[in-house]
Amino acid sequence: MRGGENRAVKLVAMEKHPVVLVGGGPGAWDLITVRGMHALQNADVILADHLGPTAELDKLCDLSAKEVIDCSKLPYGRQVAQEKINAMLVEHAQAGKKVVRLKGGDPFVFGRGFEEIQACAEAGITVEVVPGVTSAISVPAVFGVPVTQRGMVHSFTVISGHVPPGHPTSLNNWEALAQTGGTLVVIMGVKNGGAIASALIDAGRPESTPVAVIQEGTTAAQTGFRTTLGELGASLVSEGVQPPAVIVIGDVAGL
């Protein structure tokens, strides 16, 4: 009876909210939440990013009766416009289908998830949010780097590095970030890593500050290395780092 009750609860949730926004986690298929897996199993349509467990969806649900739509936004590559993704969410939900929007990491950590909720709300469609494991914390963890450590650091800041310091659209105060004394975790920062390091050094962060760089974290392709803030730009080039990668700046990276 207990299993039947759980199944009923899952189905009611999907019926109440025709769209479910699911955080898929940092990459490994089994780091998605149980609630996220259940949403995938109950979906008719899955709009999936390239990050998270997209490549191994068959391990999470039966794909034979589902439509899977590739909504990838590849760094400096092929992009599906956000407006088109919003329109597809509304279109499929209005057609009576149960829709899952599957995003990498957590949908509210630089994931534009709230923009998709707003688009659905404007069309009168309700959305359930299923949080995910963000790469900003989990990827350093699997590489042996805690973002906080008792007696060493009392804060951490998650930063988007998709635009460099000094860019007109940048919303980051790099001078203030350099002075926090806490751990800095940069995602989407491979291309601008050298510029970010220079800005932090110019604002007072020592060149000797330890740095860890982890590419394709939690997946079979994971690789990483340690360097210093002064050598970060050159190391990203010499190591051939490609997105997705997480950069951890601070004393914890030297543990």
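If you're wondering where the values come from, they're calculated on a predicted model, not measured in any experiment.

What should I look at first to understand the layout of surface pockets in this one?
Empty space among the atoms becomes apparent when a probe as large as a water molecule is rolled across them. Counted as a void, the second largest pocket has a volume near 160 Å³. Together, F110, S160, H162, V163, T169, S170, L171, N172 and M188 line the second largest pocket. For the lining of the second largest pocket, the per-class residue count stands at 4 nonpolar, 5 polar and no charged.

Even after reading the chapter, I still don't get the environment of A55, so can you show me in this structure?
Secondary-structure assignment places A55 in the loop between β2 (45-48) and β3 (67-70). On the basis of relative accessible area, A55 is assigned to the exposed category, the value being 76%. C-alpha of A55 to C-alpha of G27: the two residues are 28 residues apart in sequence and 9.1 Å apart in space.

Any chance you could explain the pattern of salt bridges here in plain terms?
Where side chains of opposite charge bring their charged atoms close, a pairing between them can arise. The tally for this structure, following the rule as stated, stands at 7 salt bridges. Here D49 and R101 are joined by a salt bridge, their closest N and O atoms 2.9 Å apart. One end of the pair, D49, is in the loop between β2 and β3; the other, R101, is in strand β4 (residues 99-103), with 52 residues separating them in the sequence. For the pair D49 and R101, one class covers both residues: buried. By sharing partners, the salt bridges in this structure join D49, R101, K103 and E116 into a single network.

Would you mind showing me how to read the pairing of β2 here?
Consecutive side chains along a regular strand alternate between the two faces of the sheet. Both faces of β2 are covered, namely the face carrying V45 and L47 and the face carrying I46 and A48. In this structure, β2 lies alongside β3, joined through 4 bridges in parallel fashion. Counted as the bridge partner of V45 is E67 from β3. When β2 meets β4, the two strands line up parallel, connected through 4 bridges. When the sheet's bridge partners are listed, L47 is paired in β4 with R101.

The rules behind these values
- Residues numbered from 1 in each chain as written.
- Predicted model: local features only at pLDDT ≥ 70, side-chain atom pairs only at ≥ 80, totals over all residues.
- Heavy atoms only, no water.
- 1 Å grid on protein atoms, 1.4 Å probe; cavity = no way out; pocket = protein on both sides within 12 Å on 5 of 7 lines; lining within 4 Å.
- Points joined across faces, edges and corners; volume = space filled by probe spheres on them.
- Nonpolar A, V, L, I, M, F, W, Y, C, P; charged D, E, K, R; others polar.
- Helix = DSSP H or I, 4+ residues; strand = E, 2+ residues; numbered from the N terminus.
- Buried < 20%, exposed > 50% of the residue type's maximum accessible area, 1.4 Å probe, protein only.
- Salt bridge = Lys/Arg side-chain N within 4 Å of Asp/Glu carboxyl O.
- Pairing = 2+ DSSP bridges.

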